[in-house]
Amino acid sequence: MRHGADGRFTEADGLRWENAEEPTATRTDAPLALADLLSVPPGEPLFTYQALQTADRGRVRQLQATYVPFSVLVGTKYEEQAPPPAPQLYEALSELGYELNFTEYVRTRMPLPDQALSLRLPEGVPLLHILRVARGDGSKPLALEEFHLPGDDTELMYRP
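The shown structure was predicted, so the numbers you read here are calculated from the model rather than taken from an experiment.

Cut-off values and rules
Residues numbered from 1 in each chain as written. Predicted model: local features only at pLDDT ≥ 70, side-chain atom pairs only at ≥ 80, totals over all residues. Heavy atoms only, no water. Helix = DSSP H or I, 4+ residues; strand = E, 2+ residues; numbered from the N terminus. Rg over C-alpha atoms; globule rule 2.2 N^0.38 Å. Buried < 20%, exposed > 50% of the residue type's maximum accessible area, 1.4 Å probe, protein only. Areas by Shrake-Rupley, 256 points an atom, 1.4 Å probe, with all protein chains shown as cover. Lys, Arg positive; Asp, Glu negative; His and termini not counted. Charge placed at Lys NZ, Arg CZ, Asp CG, Glu CD. Core = buried A, V, L, I, M, F, W, Y, C linked by side-chain atoms within 4.5 Å. Contact = heavy atoms within 4.5 Å. Polar contact = N/O pair within 3.5 Å; in protein donor to acceptor, adjacent residues only side chain to side chain. Arc of directions from axis to C-beta. Phe/Tyr/Trp six-rings, centres within 6.5 Å; stacked < 30°, edge-to-face > 60°. Salt bridge = Lys/Arg side-chain N within 4 Å of Asp/Glu carboxyl O.

Engineer: Give me the overall build of the chain: which residues, what numbers.
Structural biologist: Helix and strand counts for the chain come out as 3 helices and 9 strands. Along the chain direction, N to C, the helices and strands of the chain fall in the order β-β-β-β-α-β-β-α-β-α-β-β. Compactness check: the chain gives a C-alpha radius of gyration of 16 Å against a globular reference of 15 Å for 160 residues, within 12% of the reference. In terms of overall dimensions, the chain has a C-alpha envelope of 45 × 35 × 35 Å along the principal axes. Here the chain holds 160 residues, and the buried ones make up 41% of them. Accessible surface, the chain as shown: approximately 9500 Å² in total, 51% of it carbon and sulfur. Once the 15 positive and 24 negative side-chain charges of the chain are each reduced to a mean point, those two points are 4 Å apart.

What follows is the structure in structure tokens.
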């Protein structure tokens, strides 16, 4: 993934993801699995963004969510206003003085019915589920980004 001069991200193969609708911030409580990854107590309030994203004129679809614990934003300008969703979130966290690093967790699984419908997956096609944890200084988790993509034609490449 490359960051373009216009602020948008482009995949290595040239795909440009666009939100099908503008994501809006909602308040949710951290479920156990996400709380563990974010090192917060279950039930801690999170800013949450969810979006259906498309590329290649709508042919390719992914579900994307961004989660930011309220506790991360105490004492910042985002204490009273919602932070931007990812990927702009990473620029905002950098501006707050965090040096970011990322850990990704990748797995495949069968989609839930609503995920299969949103992604237009044929029966029997698995999901690729990616969790990206953004960490700051001292490895403190700051945010989590979650992706659900069709697992039948997705390629990942990581550099050592």
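Following the structure, the description resumes.
Engineer: Talk me through the nonpolar core; I want residue IDs and the actual numbers.
Structural biologist: In terms of nonpolar packing, the biggest core is built from 13 residues, with Val-68, Leu-73, Leu-89 and Ala-143 touching the most fellow members. Sorting the residues of this core by element identifies α2 (88-95) and β9 (141-150) as the ones contributing at least two each. If one sorts the elements of this core by residue count, α2 sits on top with 4 residues. One finds Leu-34, Leu-37, Ala-65 and Val-133 within the second-largest nonpolar core, a separate group that totals 12 residues.

Engineer: Describe the environment of Glu-104, naming the residues involved and giving the relevant values.
Structural biologist: By the element assignment, Glu-104 lies in strand β7 (residues 101-109). For Glu-104, a relative accessible area of 27% corresponds to the partly exposed category. The sequence separation of Glu-104 and Glu-145 amounts to 41 residues, and the corresponding C-alpha distance is 9.3 Å. Once residues lying within four places of it in the same chain are set aside, the contact partners of Glu-104 are Ile-130, Leu-131, Arg-132 and Tyr-158. Here Arg-132 takes part through its side chain, which lies 2.6 Å from a polar atom of the side chain of Glu-104.

Engineer: Summarise α2; cite the residues concerned and give the values.
Structural biologist: Listing the buried residues of α2 in full gives Leu-89, Tyr-90, Ala-92 and Leu-93. Here the buried residues of α2 occupy an arc of 160 degrees about the axis, which is enough to place them on one side. Residues of α2 that are buried in the fold lie against β6 (60-69), β7, β8 (127-135) and β9. Gly-97, located one to two residues past α2, shows a positive phi value of around 100 degrees.

Engineer: Tell me about the packing of aromatic side chains, and name the residues and values.
Structural biologist: Inspection of the entire model under this criterion finds 2 aromatic pairs. Ring centres of Phe-47 and Phe-70 lie 4.3 Å apart, and the angle between their planes is 20 degrees; this geometry places the pair in the stacked category. Here the residue Phe-47 occupies a position in strand β5 (residues 45-55), and Phe-70 occupies one in the loop between β6 and α2, the gap between them amounting to 23 residues. Look at Phe-47 and you get buried, because its relative accessible area is 13%. Where Tyr-90 meets Phe-102, the ring centres are 5.0 Å apart and the plane angle is 85 degrees; that geometry is what we call edge-to-face.

Engineer: Talk me through the side chain of Gln-62; I want residue IDs and the actual numbers.
Structural biologist: In this structure, Gln-62 sits in strand β6. Apart from residues no more than four positions distant in its own chain, Gln-62 is found in contact with Trp-17, Ala-51, Leu-52, Gln-53, Leu-119, Phe-147, His-148 and Leu-149.

Engineer: Describe in detail unusual backbone geometry, supporting the description with residues and values.
Structural biologist: In this chain, Ala-86 is followed by Pro-87 through a cis amide linkage whose omega measures 10 degrees. Within the element layout of this structure, Pro-87 appears in the loop between β6 and α2. Here the phi dihedral of Ser-39 falls at roughly 55 degrees; this positive angle occurs in a residue that is not glycine. Following the sequence through the fold, Ser-39 ends up in the loop between α1 (32-38) and β5.

Engineer: Can you explain the pattern of salt bridges? Please cite residues and give values.
Structural biologist: Under the defined criterion, the tally for this structure stands at 4 salt bridges. Across the pair Asp-56 and Arg-59 runs a salt bridge whose closest N-O atoms are separated by 2.5 Å. Residue Arg-59 is classed as exposed on the basis of its relative accessible area of 59%. Salt bridges linked by common partners bring Glu-104, Arg-132 and Glu-145 together as one network.

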